[in-house]
Amino acid sequence: MKVNLKIYLVLIIVIVWSIQACVPDVDPIITKPLFYQPDGFPATSGQLNNNPVTYNGFRLGKKLFYDPILSLDSSVSCGSCHQQFAAFAHLDHKVSHGINDLEGNRNAPPLFNLAWHSNFFWDGGSNHIEVQPIGPITNPVEMNEDVARVIAKLKRSKFYPEMFKRAFGSDTITTQAMTRAMAQFMSSLISANSKYDQVKAGTATFTVDEQNGYMLFKSKCESCHREPLMTDLDYRNNGLDLHFTSDPGRARITLQPSDSGKFKVPSLRNVAVTFPYMHDGRINSLSKVIDHYRNGIVQSTTIDPILAGGNMSITDAEKQQLLLFLNTLTDPTFLNDERFSEK
Ligand code: HEC
Ligand code: HEC
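This one's a predicted model, so the numbers in the text were calculated from it and none came from an experiment.

So, how was this worked out
Residues numbered from 1 in each chain as written. Chains lettered and ligands numbered in written order. Predicted model: local features only at pLDDT ≥ 70, side-chain atom pairs only at ≥ 80, totals over all residues. Heavy atoms only, no water. Helix = DSSP H or I, 4+ residues; strand = E, 2+ residues; numbered from the N terminus. Buried < 20%, exposed > 50% of the residue type's maximum accessible area, 1.4 Å probe, protein only. Contact = heavy atoms within 4.5 Å. Areas by Shrake-Rupley, 256 points an atom, 1.4 Å probe, with all protein chains shown as cover. Donors = N, O, S within 2.8 Å, 3.2 Å for Na, K, Ca; no water. Tetrahedral: all angles 85-135°; square planar, octahedral: opposite > 155°, others 65-115°. Core = buried A, V, L, I, M, F, W, Y, C linked by side-chain atoms within 4.5 Å. Salt bridge = Lys/Arg side-chain N within 4 Å of Asp/Glu carboxyl O. Near = heavy atom within 4 Å. Polar contact = N/O pair within 3.5 Å; in protein donor to acceptor, adjacent residues only side chain to side chain. Nonpolar A, V, L, I, M, F, W, Y, C, P; charged D, E, K, R; others polar.

A. The arrangement of the overall build of the protein chain in detail. Across its full length, the protein chain carries 13 helices and two strands. Scored against the burial criterion, the 343 residues of the protein chain give a buried share of 48%. The long-range fraction of contacts in the protein chain, counting pairs at least 24 apart against all pairs at least 6 apart in sequence, stands at 69%. Surface exposure of the protein chain reaches about 17,000 Å², of which carbon and sulfur atoms provide 57%.

Below is the structure:
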């Protein structure tokens, strides 16, 4: 009898231990903090102050980001249009393709360093990272789903209630908890280890051509594509069009005619892998982007004062140096970081 009891006890301990072992609280691939402040970066937007990144929040956010059940017919996830190898942009798609292959009218921007942004989308139409995911979920040409139905689907799931409980202490699934988890995942997408960053940190050096490209960048591009984020996060017109009827940009939100044709300055980090370029994906190579600044700038009523002087003078040799510099902004650590990938 005594022996039996001991065996039972050991069995119970083994069972409890193995159940816990199935759902580990730390992931072996997570060896560094999920959120950190890279050297030289400015202060964050502060939008995450009440929603600090935790391992379980990140894990839930990642699961949701890659889960097509957030779309009406379970065909499209956030990750369908935001692909890691393209720095979470939509590679080779001028404008995004959503549910039933419906086309939107804008190019999916890459996702990284979002904790430093206060406004989201090309026109800044969303002003909080925790509200932003509602946009694509409900957009008829993206995921075309209803938030209440998404919540109902998550509640019916075998694993989501437990994941929400681990992340937020309660298995009651709410819209806010869902978007907070996604905000935690997206804020963890930090890109700060390109060759450019290593040069800044003193652990690598530019070639002579890259260094010359960097000097050109500083004199011609940096006032808008500001270091170290490579964007000043402002809205500007870089001379693509004369009229803005098809997409008024920032004016869609502010309703100010003076904001017509202004779009959020995109970061140039990882720019070599995020083609096509511009809010509508109209330019398909970096070489052609530089040609735009060399001989394609269209003067209009809202052209940025920095470009009001007309085309930039950039020689062919300088163009090559600029391209070499832009390539140093690619961050392979980020593009291949297993913590962010679907599996
Ligand atoms: C059908 C393709 C598609 C899907 C699906 C999609 N997105 Fe996007 N995403 C876009 C496009 C296009 C934009 C730019 C929209 C605009 O500027 O009006 C964008 C913009 C964004 C931005 C703003 C980035 C910035 O720099 O301002 C974030 C953040 C984002 N998406 C996250 C998500 C999340 C989270 C999901 C899933 C809930 C998602 N996206 C699903 C195409 C998509
Ligand atoms: C007056 C501000 C300004 C200056 C100066 C400027 N840009 Fe831009 N750049 C922008 C804006 C705004 C956009 C987005 C325009 C749009 O999509 O409508 C942009 C877009 C880009 C893009 C596309 C990125 C993407 O993800 O789609 C690249 C590449 C680029 N610029 C490179 C450069 C280079 C290289 C220089 C210097 C030779 C430069 N820019 C100078 C404001 C500027």
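The discussion continues.
B. Inspection of the coordination of the iron atom of ligand 2 at higher detail. Coordination of the iron atom of ligand 2 by the protein comes from H225 (NE2) and Y293 (OH), over a distance range of 2.0 to 2.1 Å. Geometry at the iron atom of ligand 2 is octahedral, judged from its six donor atoms and the angles of 86 to 179° they form at the metal. You can see H225 sitting in the loop between helix 9 (208-220) and strand 1 (235-236) and its partner Y293 sitting in helix 11 (residues 286-295), a full 68 residues away along the chain. In this pair, the class of H225 matches that of Y293, namely buried.

C. Spotlight on the nonpolar core. One finds L64, F164 and M178 to be the most contacted residues of the largest nonpolar core, which totals 42 residues. At seven residues, the largest contribution of residues to this core is made by helix 7 (residues 175-187). The next biggest cluster of nonpolar side chains, apart from the first, holds 27 residues, and it includes Y214, Y277, Y293 and L322.

D. Region of the structure containing the pattern of salt bridges. Evaluation of the coordinates by the stated rule reveals 20 salt bridges. R106 serves as the salt-bridge partner of D247, at 2.8 Å between the closest nitrogen and oxygen. In this pair, D247 is assigned in the loop between strand 1 and helix 10 (251-254) and R106 in the loop between helix 3 (78-81) and helix 4 (134-138), connecting sequence segments 141 residues apart. Here D247 matches R106 in class, with each residue buried. Its salt-bridge partner being D291, residue R294 comes within 3.1 Å of it at the nearest N-O pair. Of this pair, R294 and D291 are both found in helix 11, three residues apart, which corresponds to roughly one turn of the helix. Taking the relative accessible area as the measure of exposure, R294 reaches 17% and is therefore buried.

E. Quick peek at the site of ligand 2. Among the 22 residues in the neighbourhood of ligand 2, the closest are listed as C221, C224, H225, H279 and Y293. In the environment of ligand 2, a nitrogen atom lies 2.9 Å from a nitrogen or oxygen atom belonging to the side chain of H225. A distance of 2.7 Å is found between an oxygen atom of ligand 2 and a backbone nitrogen or oxygen belonging to M278. Broken down by element, the residue count for the shell around ligand 2 peaks at three residues, all from helix 11. Partitioning the shell around ligand 2 into residue classes produces 16 nonpolar, three polar and three charged.

F. Spotlight on the environment of G104. Mapped onto the elements of the fold, G104 is located in the loop between helix 3 and helix 4. By relative accessible area, G104 is classed as buried at 17%. In this view, G104 contacts V95, S96 and V141; residues no more than four positions away in its chain are not counted.

Purely geometric numbers; function is a separate question.
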